[in-house]
Amino acid sequence: MSKLKKVLVANRGEIAVRVLRACREEGIPTVAVYSEADRNALHVRLADEAFCIGPPPALQSYLDGDKILAVAKRAGADSVHPGYGFLSENADFADATVAAGLTFIGPPGSAMRAMGNKISAKARMKAAKVPCAPGSDGEIDDPAEAKRIAESIGFPVMIKAAAGGGGKGIRIVKEASELARALDMARSEAEKSFKSGAVYVEKFLEEPRHVEIQVLADRHGNVVHLGERECSVQRRHQKIVEETPSCIVDADLRQRMGAAAVAAAQACGYENAGTVEFLVDKHRNFYFLEMNTRLQVEHPITEQVTGIDLVRAQLRIAARQPLGFTQADVKHAGHAIEVRICAEDPDHNFVPATGVVRHLDLPGGGRVRIDAGIYEGMTVGLHYDSMLAKLIVRANDREEAIARMKRALAEFHVTGVKTNIPFLLRVFDTPEFLSGKYDTGFIDRNLATLKAPPSDGMTRDVALVAAAIAHAIRKRRSQTANTGAGGGANESAWSLAARREGLRR
Amino acid sequence: MSKLKKVLVANRGEIAVRVLRACREEGIPTVAVYSEADRNALHVRLADEAFCIGPPPALQSYLDGDKILAVAKRAGADSVHPGYGFLSENADFADATVAAGLTFIGPPGSAMRAMGNKISAKARMKAAKVPCAPGSDGEIDDPAEAKRIAESIGFPVMIKAAAGGGGKGIRIVKEASELARALDMARSEAEKSFKSGAVYVEKFLEEPRHVEIQVLADRHGNVVHLGERECSVQRRHQKIVEETPSCIVDADLRQRMGAAAVAAAQACGYENAGTVEFLVDKHRNFYFLEMNTRLQVEHPITEQVTGIDLVRAQLRIAARQPLGFTQADVKHAGHAIEVRICAEDPDHNFVPATGVVRHLDLPGGGRVRIDAGIYEGMTVGLHYDSMLAKLIVRANDREEAIARMKRALAEFHVTGVKTNIPFLLRVFDTPEFLSGKYDTGFIDRNLATLKAPPSDGMTRDVALVAAAIAHAIRKRRSQTANTGAGGGANESAWSLAARREGLRR
Amino acid sequence: MKYYVMVGGKEYAVDVDTTGDAMHLTLDGANYRVDVSAVQHGEQYSVLVDERSFAVSVDGDGRKLALVLDGYSYAVGVEDDRERASRALSNLHGSGGGVIESVMPGIVRKVEVQVGDTVKRGDRLLVLEAMKMENEILADADGVVAKVHVAAGQTVEGGAPLVSLDVK
Amino acid sequence: MKYYVMVGGKEYAVDVDTTGDAMHLTLDGANYRVDVSAVQHGEQYSVLVDERSFAVSVDGDGRKLALVLDGYSYAVGVEDDRERASRALSNLHGSGGGVIESVMPGIVRKVEVQVGDTVKRGDRLLVLEAMKMENEILADADGVVAKVHVAAGQTVEGGAPLVSLDVK
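Residues numbered from 1 in each chain as written. Chains lettered and ligands numbered in written order. Predicted model: local features only at pLDDT ≥ 70, side-chain atom pairs only at ≥ 80, totals over all residues. Heavy atoms only, no water.

### As for the overall build of chain C
Keep this limit in mind: Numbered from the N terminus, helices here are DSSP runs of H or I no shorter than four residues, and strands are runs of E no shorter than two. Burial status follows relative accessibility: with a 1.4 Å probe on protein chains alone, a residue under 20% of its type maximum counts as buried, one over 50% as exposed, and anything between as partly exposed. Whether two residues touch is decided by their heavy atoms; if any such pair falls within 4.5 Å, the residues are in contact. Only the protein chains shown count as cover for residues, with accessible areas throughout obtained via the Shrake-Rupley method and a probe of 1.4 Å.
What chain C contains, in helices and strands, is 1 helix and 16 strands. Burial analysis of chain C (168 residues in total) assigns 46% to the buried set. Sequence-distant contacts in chain C: of pairs separated by 6 or more residues, those separated by 24 or more amount to 40%. Carbon and sulfur atoms make up 48% of the accessible area of chain C, which amounts to about 8100 Å² in all.

Below is the structure:
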């Protein structure tokens, strides 16, 4: 069986760790690349080799394809895994990788181009009889033209980056007066994120569900789908909670959406792992949204219910191995949920949080999975995105999965950086989520509940008590440090001392 | 559906955490008990309520059934989960729990007594046509009598505690001259561990496999088995690595051993979760060893391949719910392996290690499970057993499972206390283990390999280099601490300083 | 010892009595027997109130603490008797409002006002980029720009002053 | 700076040269360009040798360190130039052998010899209990008991002297 010889992982954070683990389990040596900000990162330590590729800004490191290919050559890698984000959907990079004599672990550049430009992708989908939402037939840069189209399809509309993905470069416009400014900002953001400022206009379906289908295509013409992921819990088009199966997808809809996704992949000559995103309305009509020509952040929930390791499948497909199974072999068992744990402050409008991770407590137990780039001592800065870890649970049914997720989230503790863990916990207490009948308007509709302070008097009192005692201990600690006595001594002993002495003054 | 109202967990460490997690997922409030040594333990923090039950020695805390039942009453618990070890196989405690009007989450005292005394258990098994190894028909306390029996069945023999379990109170005797001393020590150890010094003599099967069958029995007469666990990687009768399926068990043998285990459970009126242990010789003959009338340490591997949560099943059975599935519904998928991570020093004859856990790094990723009682800041002392955590992996087949286990073990880091992680890693490099053809003599036979130093010159050089640098950093740190400058500052910045300055003297 | 804990705009007095064998706290009329132990190298506290068990994560130093308990976060200000007394002495001149602070760390992309400009509530003052997203910073009241604390291209920390407004 | 690292009964000299931009180490004739960074609050070191990446867990303080690397543990003794020089000065009288130390912490259950007893290699000297298992401590050579350092019931640490033997 052919096998890759050495894989360079052109990414950082949890996805680099994810890919490195898969390589290690496959017995394939690995090469990491890192920016100067990431010298201490987990992915550097888990790789067999690690090369510094430049300063922290991504444009000078993780987005510099030439530098990365030069490292691949120097390290003797025969293949490159791009992860998600960064260069993963850059067709030129995929082509350059192949031109350098290396294997790109992903689709061919041609498939990316076909799907990467959202406008030509839509045309192709229409030809393949995949339903699409109405919108502009091409790129828009003139505010007047944008206005004309928006008025013909009716507000609200979305301005979307033609090269976009992952929720970036999207603006929703509710009325004509907002159009010019939104167009301006979307273009600027798109330029910065994707090196292309091209945007287009599409009808904004109000409160649809966001449901996507995972596909796998080998280099021998076999294409299968692995069912859906429900990703409607979003804030600003960023997914926060994903689950599978979706409460709105029954066997018939799954079969139809799956067939559409397979048709979409075939229509662009797709290879390797990819995801076809759809919007689903309450009548179970579905519309092609876009194809993500790479691994998704939320891929683990599909792995948990199908038993198929998507990254190892990627490695094998890239090595020209056949899939080894057919659509009929794909079985779904149980229910899986993922949450994205991010460095942000939900109590202050979700602003990104920075700091040094002082302490980390991860949940354990059965059917709890953690894919993380976070580690103690890690500096969380502003150069890269704010996702620290993914927490994934599996269970026999949705109710059990929710109970397990709540249990695991309650065990997940981070100090030094604020996270959205409290916010995530409340998602699983929200009646709308529990009912399974939610859509992309979920977070906005439930924001008051999601941010609500606890009502239990006892819990609040315990927080107050803990605050008073923590204050006393910290004050005494800093006094002791100033006088040179003690120092970084055993904190637990310290606490006892503080209880016995500090508070007894 | 009837449900328990509040569960008291009469245990500590990882198994207390395991049971508390299951209760939380079932939505059942919990009560922890703790000795004075365990005030900071994870199980205290994960429970809804926690009661101190006495000083560190187990006899004055976790083995004091009266105290524990008094707490149960005071806290309003309606049920008690004993975990494993401590009071879990104490029939008097089970009876006292029921007499106090509470539900014992385990078998009735009568079933424990029937199986707890190994001699009467064997008689019962013979009656149920379960094959047994030859040995004494009763308790032995006279060295002369022991000698007579041993000579009649032939050396080597085992002296085993009639009330024993978990490998404690067992001595292997190879010749008559060792018998008296071994009898003495086994009696003394048994007395201390089980409050009963009764021992008996049994033929020691040389290098058998240790294979056990998990059973579940509800209170409505339904008994099923969940297949086998292979537990032959043992040192001094302590299991270290377990896997399922066993390489020696085929479908036919599984069916026959399973039927024998079900018959054993039925023969003693068993209820709840239990395990029937067998020895299997190279001809696939199997002999009843003992029944463990409680949850086993290694239960997670069965959960991973069957999808059945054994602790939640225990809670439901105890609440008189029917099993809800039949033998035909039990399906096995994939392969699971567990290792026991212990505080011990394999390079110094596995002596127990003590200390304070300074830092802990847990592996993550798909199909990796950690059941642990360990946490940063934990004091590992001598009062309780040395197991810190269990690491369990699942995969589609054995080869994948081994690769995943090696990957996960390499990511598991503990500082402050020595562990057997390096030793465990080498198990998975041993040809005999990889072949699947191993028995209980595995560790002794492979000790040289398992303890062998690494041969790679580069790896050794890196260790030497790291030692030199660590020494320089630590020396400078202590000098700085003595002069009062710095202190518990950012270690990473410190390292840079040490590299730039400390080494540049 | 007495502690004043501010949370959600409300202040609570916590009385700590450690004269007996156990620690007792009085709060809002309720009296609790409390046992607190620092765990996880002091990053968490295990709090037993009577026998109810809580694990509290504590972040921050000094008077501002962020606590997480039962999945709820509390931003808390604390001071004790003595601190309150000394603060009362030094607090003779008030600080005054009207400063718009950055709620997040980021890079200033555009500054759209200058000193003397009259702005209305909701007007855009500047654009702050963080995590590749552009965020508009808007005036929170009608007023006149008294000071612009930052320039385009500048990196700012969370809490940094951006623009001071003289509010009408 | 020069370091002497003892491992597995062998000593290695490690030369550390930090005069250039990168750190260079010479060891057993081999020369490595090395970049070391303390991670995980200093409990681990990320070591890049040229571009090969290693994570080393480090335990212990001072001259005795326990390292774990690639799943192998190394018990290591280290000293630098200066320490070696000062130790040479103070090391004028040798310490002598024959002391049987406890390799584990535990509780002494029985002491079966007294000063003056003649013992043979393999004779039981005492019984040490640890983790509920009784462990026999045996004489490691023929000799006469010179000193018994412990009594039954006593708790001992790992490394504590138990019995001193005058070896014949």
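### Some words on the overall build of chain A
Put simply, the rule reads: The atom set for the radius of gyration is the C-alpha atoms, and the globule formula is 2.2 Å times the number of residues raised to the power 0.38.
Along its length, chain A carries 17 helices and 22 strands. The C-alpha radius of gyration of chain A comes to 24 Å, within 12% of the 23 Å expected for a compact globule of 505 residues. Referenced to the eigenvectors of the C-alpha coordinate spread, the extents of chain A come out at roughly 80 × 55 × 45 Å. Sorting the 505 residues of chain A into buried and exposed places 64% on the buried side. Restricting the contact set of chain A to residue pairs at least 6 apart, pairs at least 24 apart contribute 65%. Split by element, the accessible area of chain A, about 17500 Å² in all, is 50% carbon and sulfur.

### Remarks on the sheet that holds strand E14 (residues 143-148) of chain C
Residue and element names in this part refer to chain C. Inclusion rule: We call two strands paired when DSSP finds no fewer than two bridges between them.
Spatially, 4 strands are ordered E9-E16-E14-E11 in an open sheet, and the strand pairing comes out antiparallel. The open sheet has two edge strands with one neighbour each: strand E9 (99-101) and strand E11 (118-119). Here 3 bridges tie E9 to strand E16 (residues 161-167), and the two strands are oriented antiparallel to one another. Looking at E16, one finds that Val99 is bridged to Ser164.

### Some details on the domain arrangement of chain C
The line we're drawing: Note that domain bounds follow an automatic or database assignment of domains.
For chain C, the domain assignment lists domain 1 (2-80) and domain 2 (96-167). When each unit is reduced to the centre of its C-alpha atoms, the spacing between domain 1 of chain C and domain 2 of chain C is 36 Å.

### Some points on the pattern of salt bridges
Spelled out, the test is: Salt bridge, as used here, is a side-chain nitrogen of Lys or Arg placed within 4 Å of a carboxyl oxygen of Asp or Glu.
This model, assessed by the stated rule, comprises 112 salt bridges over all chains. Glu26(A) is the partner of Arg316(A) in a salt bridge, and the nearest nitrogen-oxygen pair spans 2.5 Å. Highlighted residues: Arg316(A) in helix H11 (residues 310-318) and Glu26(A) in helix H1 (residues 13-26), separated in sequence by 290 residues. For Arg316(A), a relative accessible area of 31% corresponds to the partly exposed category. With its nearest N and O atoms 2.8 Å apart, the salt bridge here joins Lys239(B) to Glu298(B).

### Structural notes on the pairing of strand E5 (residues 44-49) of chain C
Residues and elements named next belong to chain C. The buried fraction of E5 is high, at 6 of 6 residues. The alternating pattern of E5 places Gln44, Ser46 and Leu48 on one face and Tyr45, Val47 and Val49 on the opposite face, and all of these are buried. As consecutive antiparallel partners, strand E4 (residues 30-39) and E5 are separated by 4 residues, and within that stretch Gln40 has a phi angle of approximately 50°, a positive value. Bridge count between E5 and strand E6 (residues 52-59): 6 bridges; the pairing is antiparallel. Pairing of Leu48 across the sheet is with Ser53, part of E6.

### What about the pairing of strand E11 (residues 238-244) of chain A?
Residue and element names in this part refer to chain A. With 6 of 7 residues buried, E11 lies mostly within the body of the structure. With 4 bridges connecting them, strand E10 (residues 223-235) and E11 associate as antiparallel partners. Bridge pairing in E11 places Arg235 opposite Gln238. What sits between E10 and E11 in their antiparallel hairpin is a turn of 2 residues, with Arg236 showing a positive phi close to 50°. Two strands pair when backbone bridges link them, and E11 and strand E14 (residues 335-342) are joined in this way by 4 bridges, in the antiparallel orientation.

### A word on the packing of aromatic side chains
Condition: When the centres of two rings from Phe, Tyr and Trp lie within 6.5 Å, Trp using its six-membered ring, the rings pair. Their planes under 30 degrees apart give stacked, over 60 give edge-to-face, and anything left gives tilted. Either the NZ atom of lysine or the CZ atom of arginine qualifies as a charge over a ring when it sits within 6 Å of the ring centre and within 35 degrees of the ring normal.
A complete count under the given rule lists 20 aromatic pairs over all chains for this structure. For the ring pair Tyr62(A) and Tyr384(A), a centre distance of 5.5 Å and an interplane angle of 80° mean the geometry is edge-to-face. On the criterion of sequence distance, the pair formed by Tyr62(A) in the loop between strand E3 (49-52) and helix H3 (65-75) and Tyr384(A) in the loop between strand E20 (379-380) and strand E21 (387-395) is long-range, its members being 322 residues apart. Considered together, Tyr62(A) and Tyr384(A) belong to a single accessibility category, that of buried residues. A connected cluster of aromatic rings, assembled from ring pairs, spans Phe428(A), Phe433(A), Tyr438(A) and Phe442(A). Of note, Arg45(B) hangs over the ring of Tyr375(B), and the distance from its end group to the ring centre comes to 4.6 Å.

### Points about the interface of chain C and chain A
Threshold: Two N or O atoms form a polar contact when they lie within 3.5 Å of each other; inside protein one atom must be a possible hydrogen donor and the other a possible acceptor, and for residues adjacent in sequence the pair counts only when both atoms belong to side chains. Nonpolar residues are Ala, Val, Leu, Ile, Met, Phe, Trp, Tyr, Cys and Pro. Charged residues are Asp, Glu, Lys and Arg, and all others, Gly as well, are polar.
At the junction of the two partners, chain C supplies 68 residues and chain A supplies 61 residues. Seen at the junction of chain C and chain A, the total is 4 salt bridges. With a closest N to O distance of 2.7 Å, Glu43(C) and Arg358(A) form a salt bridge. The tally of links from chain C across to chain A stands at 11 residue pairs in polar contact (both at pLDDT 80 or more). With 7 residues, the top contributor of residues to the side of chain C that touches chain A is strand E8 (residues 72-80) of chain C. Each residue belonging to the side of chain C that touches chain A can be placed in one class, and the counts come to 35 nonpolar, 14 polar and 19 charged.

### Considering unusual backbone geometry
A cis geometry characterises the amide bond from Phe155(A) onward to Pro156(A), with omega recorded as -5°. Residue Pro245(B) is reached from Thr244(B) by a cis peptide bond, and omega for that bond is -5°. With respect to the element layout, Pro245(B) can be found in the loop between strand E11 (238-244) and helix H9 (251-267). Unusually for a residue other than glycine, Gln40(C) sits at a positive phi of about 50°. Looking at the secondary structure, you find Gln40(C) in the loop between E4 and E5. Under the relative-accessibility criterion, Gln40(C) is labelled buried at 2%.

### Here's the deal with the domain arrangement of chain A
A common measure of how large an interface is: the accessible area buried when the components associate. Residues and elements named next belong to chain A. In plain terms, the rule: Buried area: the accessible surface (1.4 Å probe) lost by two parts on joining, summed over both.
In terms of domain boundaries, chain A breaks down into domain 1 (7-112), domain 2 (134-203) and domain 3 (209-450). Just the C-alpha atoms count here: the centres of domain 1 and domain 3 sit 23 Å apart. Taken together, the contacts link 40 residues of domain 1 with 34 residues of domain 3. Between domain 1 and domain 3 the total buried area reaches about 2700 Å² when both faces are included, carbon and sulfur atoms providing 57% of it.

### Quick notes on the side chain of Thr302(B)
Residues and elements named next belong to chain B. Within the element layout of this structure, Thr302 appears in helix H10 (residues 299-306). For Thr302, a relative accessible area of 1% corresponds to the buried category. The contacts of Thr302, once residues within four sequence positions are left out, are Gln214, Leu226, Arg229, Thr244, Gly307 and Leu310.

### Re the interface of chain C and chain B
Listed by partner, the interface residues are 15 residues for chain C and 17 residues for chain B. The largest share of the area that chain C buries against chain B comes from Gln40(C), His41(C) and Glu51(C), three residues that together contribute 45% of it. In this assembly, chain C and chain B are joined by 2 salt bridges. With its nearest N and O atoms 3.1 Å apart, the salt bridge here joins Glu51(C) to Arg74(B). Summed over the shared surface of chain C and chain B, the number is 9 residue pairs in polar contact (both at pLDDT 80 or more). Those elements giving two or more residues to the side of chain C that touches chain B turn out to be E4, E5 and E6 of chain C.

### Observations concerning the packing of helix H5 (residues 109-116) of chain A against helix H6 (residues 118-127) of chain A
Residues and elements named next belong to chain A. Where we set the bar: The axes used here are C-alpha line fits, helices contributing only the stretch in contact, and every angle between their N-to-C directions lies in the interval 0 to 180 degrees. An angle below 35 degrees is read as roughly parallel, one above 145 as roughly antiparallel, one from 65 to 115 as roughly perpendicular, and any other as oblique.
Where H5 meets H6, the closest approach of the two axes is 5 Å, and the angle between their N-to-C directions is 90°. Relative to H6, H5 is oriented roughly perpendicular. Residues Arg113, Ala114, Met115 and Gly116 of H5 form the contact with H6, whose own contacting residues are Lys118, Ser120, Ala121, Arg124 and Met125. Along the lines of polarity and charge, the residues of the contact of H5 with H6 split into 4 nonpolar, 2 polar and 3 charged.

### Concerning the nonpolar core
As a rule of thumb, nonpolar side chains are buried together in soluble globular proteins. Here is the rule: Throughout this description, the term nonpolar core refers to a set of buried Ala, Val, Leu, Ile, Met, Phe, Trp, Tyr and Cys residues connected via side-chain atoms within 4.5 Å.
Within the largest apolar cluster, 106 residues are counted, with the highest numbers of intra-cluster contacts made by Leu8(B), Leu216(B), Val241(B), Leu391(B), Leu409(B) and Phe428(B). Residue-level mapping places this core at the junction of two domains, with at least three residues from each of domain 1 (7-112) and domain 3 (209-450) of chain B. Excluding anything up to four places from it in sequence, Leu8(B) contacts Val31(B), Val33(B), Ile68(B), Val71(B), Ala72(B), Ala77(B), Ser79(B), Val80(B) and His81(B). By size, the runner-up hydrophobic cluster in this structure holds 104 residues, among which are Val31(A), Val80(A), Val233(A) and Leu424(A).

### A few points about helix H10 (residues 299-306) of chain A
Residues and elements named next belong to chain A. Across the 8 residues of H10, 8 count as buried, placing the element largely inside the fold. For H10, every residue scored as buried is listed here: His299, Pro300, Ile301, Thr302, Glu303, Gln304, Val305 and Thr306. Directly beyond the C-terminal end of H10, a positive phi value near 75° is found at Gly307.

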